[in-house]
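If you want the building blocks of each chain, they are given just below.
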There are 2 protein chains.
Amino acid sequence: MKILIVDDEVQLVKAVSAILKKNNYNTDCAYDGEDGLDKALSNIYDVIILDIMLPKRNGYEIIRELRDNRISTPVLMLSAKSQTYDKIYGLNLGADDYLAKPFESEELLARIKALLRRKNEFVGDTLSFGDLKLNRDNCSLLCNGQEIALGKKEFQIMEMLILNGGKALNKERLIEKIWGFDTDAEYNAIEVHVSFLRKKLNLLSSGVNIRSLRGIGYILEDGNAKGGKN
Amino acid sequence: MKILIVDDEVQLVKAVSAILKKNNYNTDCAYDGEDGLDKALSNIYDVIILDIMLPKRNGYEIIRELRDNRISTPVLMLSAKSQTYDKIYGLNLGADDYLAKPFESEELLARIKALLRRKNEFVGDTLSFGDLKLNRDNCSLLCNGQEIALGKKEFQIMEMLILNGGKALNKERLIEKIWGFDTDAEYNAIEVHVSFLRKKLNLLSSGVNIRSLRGIGYILEDGNAKGGKN
DNA sequence: AAAGTCCTATGAAAATTCTCATCGTGGACG
DNA sequence: CGTCCACGATGAGAATTTTCATAGGACTTT
């Protein structure tokens, strides 16, 4: 789960980034509108936190540009101004929520969760697939009344697999989103963590399994679902 | 040791970044001239790898701008063109070296080492302080004929301490350069790694020690040097 | 169909890093 | 000079991640 933070107040960006990381999100940062827009256009983020007042391009422009490019990443607008006018303007332009600075970390987290819930299948803090429930708060996996803790990497892989629903997930994308695009991690690292995950799925006697598609990647299957492909 | 890579060929940037990381450098990346310039102006890099042809601002402009701002980070210019004209033009503007694409990773590494050697006290692949020699190739520390392996974090901390020479190094800077500016690492992490380093310095019976300056940071001292402060 | 090659799986171990709890100490302040 | 407090040091342990070696399977080529 990757979040882009765009704001020119370096201290604020660092603080927000730290808070998000502590809550198991990955973050990228941008300090001006142009950089922010470039990054956002890569369309790898699940949420964008966007200041209104920015050097080079303001928040409104960025949203318009994104929507023009059919990128529908949810946007949480930030602003020092708490005027109603701004608020409505931002929402009309396609921001999905709004938060006035200064704010509490709890409120920020709550709103991000709300945005994720809207776009994905989050219920509460959990993401579900088949008989599995993935809990973001403690990075754990629930199944058949049992709970097992996941490592951060395991968690993130499972998260991406579930969010990908029926589609295959290739390793390059996994590496980019989880390890970061400029890592030197090898594919074997993914394979090892997938192996860990499978072991844990077994322990939980889950009906879900991770199928590998040779040369392509991984896909999540629900063994309990009826075979019909619909 | 942090290196900035500025090039619009994403694949190339990734490849270079991976090579450098494997060789114990940290990297940041930028894909256009403006972003590259912004990052370079932060003046936290030890080398900048810079393409000539770039969107928004070309390599020449970036070098000029950097030098105008009295930032003397060594620059390794890249270009698809291998014409002599470009070569000389780049060097005149303040590029410190030049490499034509495509290139071998060995050559890239060699040239980077050369640039570092020029600016710092590198001799071969080692950095020295007092009776210590720090070896980048295997992340190890040599002293009195003994050698001891360092963890990556330990290595980087020691490297920064040595490069800082007599000056104090504050923790915030260590965190920014080693963990990355958007980390959630706590100061205690540094303290723990410094503790590891001290233990290893002891094992080597080195005359060098890491002194802490309360509320400020760390500084390297050579216990064998005569007390004169010069 | 046999051989060869590439991709994937996985056990086992190692290495690294982080967390936590506790202890010590410098220095401010009364 | 004594007390208190924030900062730093460090041991111990845990957790996580990576590395390595090897084996199995799939796909291609001949």
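Residues numbered from 1 in each chain as written. Chains lettered and ligands numbered in written order. Predicted model: local features only at pLDDT ≥ 70, side-chain atom pairs only at ≥ 80, totals over all residues. Heavy atoms only, no water.

1. Some thoughts on the side chain of Lys14 of chain B
Then, number 1: Tracing the sequence through the fold places Lys14 of chain B in helix 1 (residues 10-22).
Then, number 2: Classification of Lys14 of chain B by relative accessible area gives buried; the value is 16%.
Then, number 3: Contact partners of Lys14 of chain B, with chain neighbours within four places excluded, come to Glu176 and Phe181 of chain A. (Helix = DSSP H or I, 4+ residues; strand = E, 2+ residues; numbered from the N terminus. Buried < 20%, exposed > 50% of the residue type's maximum accessible area, 1.4 Å probe, protein only. Contact = heavy atoms within 4.5 Å.)

2. A look at the packing of helix 1 of chain B against helix 5 (residues 105-119) of chain B
All names here are of chain B.
Then, number 1: Running from N to C, helix 1 and helix 5 cross one another at 60°; their axes reach a closest spacing of 11 Å. With respect to helix 5, the axis of helix 1 lies oblique. Both helix 1 and helix 5 take part in a crossing whose hand is right-handed. Contacts between helix 1 and helix 5 involve Val16, Ile19 and Leu20 from the first element and Ser105, Leu108, Leu109 and Ile112 from the second.
Then, number 2: For the contact of helix 1 with helix 5, the per-class residue count stands at six nonpolar, one polar and no charged. (Axes fitted to C-alpha atoms, helices over the stretch in contact; angles between N-to-C directions. Parallel < 35°, antiparallel > 145°, perpendicular 65-115°, else oblique. Left-handed = near helix turned anticlockwise from the far one by under 90°. Nonpolar A, V, L, I, M, F, W, Y, C, P; charged D, E, K, R; others polar.)

3. Things to note about the protein's contact with DNA strand C
Then, number 1: For DNA strand C, the set of nearby residues contains 20 residues, the closest of which are Arg198, Lys199, Ser212, Arg214 and Tyr218 of chain A.
Then, number 2: Counting only the atoms of DNA strand C that lie within 4 Å of the protein, the sugar and phosphate share comes to 63%.
Then, number 3: Contact distances for DNA strand C include 3.2 Å between a base oxygen and a side-chain N or O atom of Asn188 of chain A.
Then, number 4: Elements with a minimum of two residues in the surface near DNA strand C: helix 8 (187-203) of chain A together with helix 6 (152-163) and helix 8 (187-203) of chain B. (Near = heavy atom within 4 Å. Polar contact = N/O pair within 3.5 Å; in protein donor to acceptor, adjacent residues only side chain to side chain.)

4. Considerations on the protein's contact with DNA strand D
Then, number 1: Surveying the vicinity of DNA strand D reveals 21 residues, the closest of which are Arg198, Lys199, Ser212, Arg214 and Tyr218 of chain B.
Then, number 2: With respect to DNA strand D, the side chain of Trp179 of chain A contributes an N or O atom lying 3.3 Å from a phosphate oxygen.
Then, number 3: For DNA strand D, a phosphate oxygen lies 3.0 Å from a polar atom in the backbone of Gly215 of chain B.
Then, number 4: Looking at the surface near DNA strand D, the elements with two or more residues in it are helix 6 (152-163) and helix 8 of chain A together with helix 8 of chain B.

5. Regarding the pattern of salt bridges
Then, number 1: Taken as a whole, this structure holds 40 salt bridges over all chains when the rule is applied.
Then, number 2: The salt bridge involving Arg57 of chain B is made with Glu61 of chain B; its shortest N-O contact spans 2.9 Å.
Then, number 3: Ionic pairing is found between Glu159 of chain B and Arg136 of chain B, a salt bridge with its closest N-O pair at 2.8 Å. You can see Glu159 of chain B sitting in helix 6 and its partner Arg136 of chain B sitting in the loop between strand 7 (132-135) and strand 8 (140-143), a full 23 residues away along the chain. You'll find Glu159 of chain B and Arg136 of chain B in the same group, each marked buried.
Then, number 4: Through salt bridges with shared partners, one network takes in Asp7, Glu9, Asp51 and Lys101 of chain A. (Salt bridge = Lys/Arg side-chain N within 4 Å of Asp/Glu carboxyl O.)

6. Some words on the relation of the copies chain A and chain B
Then, number 1: Between the two copies, chain A and chain B, the superposition gives an RMSD of 0.0 Å; the rotation angle is 179° and the shift along the axis is 0.1 Å. Put plainly, the chains are arranged around a two-fold axis. In terms of proximity to the rotation axis, the leading residue of chain A is Asp35 of chain A, whose C-alpha is 3.4 Å off the axis. (Least-squares fit on C-alpha atoms with pLDDT ≥ 70 in both.)

7. Describing helix 8 of chain A
Residues and elements named next belong to chain A.
Then, number 1: Compared with the 24 Å implied by 1.5 Å per residue over 17 residues, the 25 Å span of helix 8 between its first and last C-alpha is a close match.
Then, number 2: Among the residues making up helix 8, those that are buried are Ile190, His193, Val194, Leu197, Lys200 and Leu201. In a view along the axis of helix 8, the buried residues occupy a sector of 115°, so they form one face of it. Among the exposed residues of helix 8, those oriented more than 90 degrees off its buried face are Lys199, Asn202 and Leu203.
Then, number 3: Of the residues one or two after helix 8, Ser205 is the one with positive phi, at around 45°. (Expected span 1.5 Å × (residues − 1). Arc of directions from axis to C-beta.)

8. A closer look at the interface of chain A and chain B
Then, number 1: Chain A puts 20 residues into the contact, and the matching count from chain B is 20 residues.
Then, number 2: Summed over both partners, the interface of chain A with chain B buries about 1700 Å², with 35% contributed by carbon and sulfur atoms.
Then, number 3: Between the two partners, chain A and chain B, sit eight salt bridges.
Then, number 4: Measuring nitrogen to oxygen at the nearest pair gives 3.2 Å for the salt bridge that ties Lys56 of chain B to Glu34 of chain A.
Then, number 5: Applying the counting rule to chain A against chain B returns seven residue pairs in polar contact (both at pLDDT 80 or more). (Buried area = accessible area lost by both parts, 1.4 Å probe.)

9. Considering the environment of Asp137 of chain A
Residues and elements named next belong to chain A.
Then, number 1: As for its position among the elements, Asp137 is in the loop between strand 7 (132-135) and strand 8 (140-143).
Then, number 2: Under the relative-accessibility criterion, Asp137 is labelled partly exposed at 47%.
Then, number 3: As a C-alpha pair, Asp137 and Glu34 span 103 residues in sequence and 33 Å in three-dimensional space.

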